[in-house]
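As a plain string of letters, each chain reads:
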Amino acid sequence: ADIAKFDQDGAIVLRNVFTEQWVEKVREGIQINLEKPSQYSEKLALKEGQGSYFNDYCNWQTIAQFKDFAFNSPAAEIAARLMKSKYAVFYHEHVLNKEPGTEKETPWHQDQAYYPVDGFKVLSIWMPVDPVSEESSVKFVKGSHK
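Residues numbered from 1 in each chain as written. Predicted model: local features only at pLDDT ≥ 70, side-chain atom pairs only at ≥ 80, totals over all residues. Heavy atoms only, no water.

Caption draft 1: Representation of the environment of Tyr 87 in the model. Within the secondary structure, Tyr 87 sits in the loop between helix H4 (75–83) and strand E3 (94–98). For Tyr 87, a relative accessible area of 56% corresponds to the exposed category. It is 37 Å that separates the C-alpha atoms of Tyr 87 and Ser 52, two residues lying 35 residues apart in sequence. (Helix = DSSP H or I, 4+ residues; strand = E, 2+ residues; numbered from the N terminus. Buried < 20%, exposed > 50% of the residue type's maximum accessible area, 1.4 Å probe, protein only.)

Structure below.
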């Protein structure tokens, strides 16, 4: 049922597929990333003193927690099953961190425009490491992947 829904809608909510140990490992990796961002990072705030938005990617080779999650967590198996593939190939991790009080909204967009991968067997996992209200969570347009 989950695979058919993903195939039809292009997105699906899967709850509790990662143990708290995996979530904590990623949380630790994010903290390391925040303390030592890469050359690709950016930190944005609309006003002085308000929460900021942090964005960084391609750090899995230098942050052991990200590498461990990518290659040893259930992520690859979940991705392969949803894509109806024998296996999944890891491309990169991407940290998006919004601090409390951040007023900057993420505009509606489609990742494919700047993603250097073609085809229909492409999948991203959005995994919050802190509680997120439905109002503040990522949103998808059903069927926009086709």
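Caption draft 2: Region of interest: unusual backbone geometry. Backbone geometry at Asn 16 places phi at a positive 60°, although glycine is not the residue there. Positionally, Asn 16 belongs in the loop between helix H1 (2–9) and helix H2 (20–35). Its identity as a non-glycine residue notwithstanding, Cys 58 has a phi of 65°, on the positive side. Within the secondary structure, Cys 58 sits in the loop between strand E2 (53–57) and helix H3 (64–72).

Caption draft 3: Here's a closer look at the side chain of Asn 55. Along the chain, Asn 55 falls in strand E2. In terms of polar contacts, Asn 55 uses its side chain to reach the side chain of Glu 42, at 2.8 Å. A polar side-chain atom of Asn 55 sits 2.4 Å from a polar atom in the side chain of His 94. Here Asn 55 is in contact with Tyr 40, Ser 41, Glu 42, His 94, Val 95 and Leu 96, once residues within four sequence places are set aside. (Polar contact = N/O pair within 3.5 Å; in protein donor to acceptor, adjacent residues only side chain to side chain. Contact = heavy atoms within 4.5 Å.)

Caption draft 4: Highlighting the nonpolar core. Residues Phe 18, Val 26, Ile 30, Phe 66, Phe 69, Met 127 and Val 129 are the most contacted members of the largest nonpolar core, which totals 17 residues. Counting residues per element, the ones that place at least two in this core are H2, H3 and H4. The biggest single contributor to this core is H2, with four residues. Not counting residues within four places of it along the chain, the set of residues in contact with Met 127 comprises Phe 18, Val 23, Val 26 and Phe 69. (Core = buried A, V, L, I, M, F, W, Y, C linked by side-chain atoms within 4.5 Å.)

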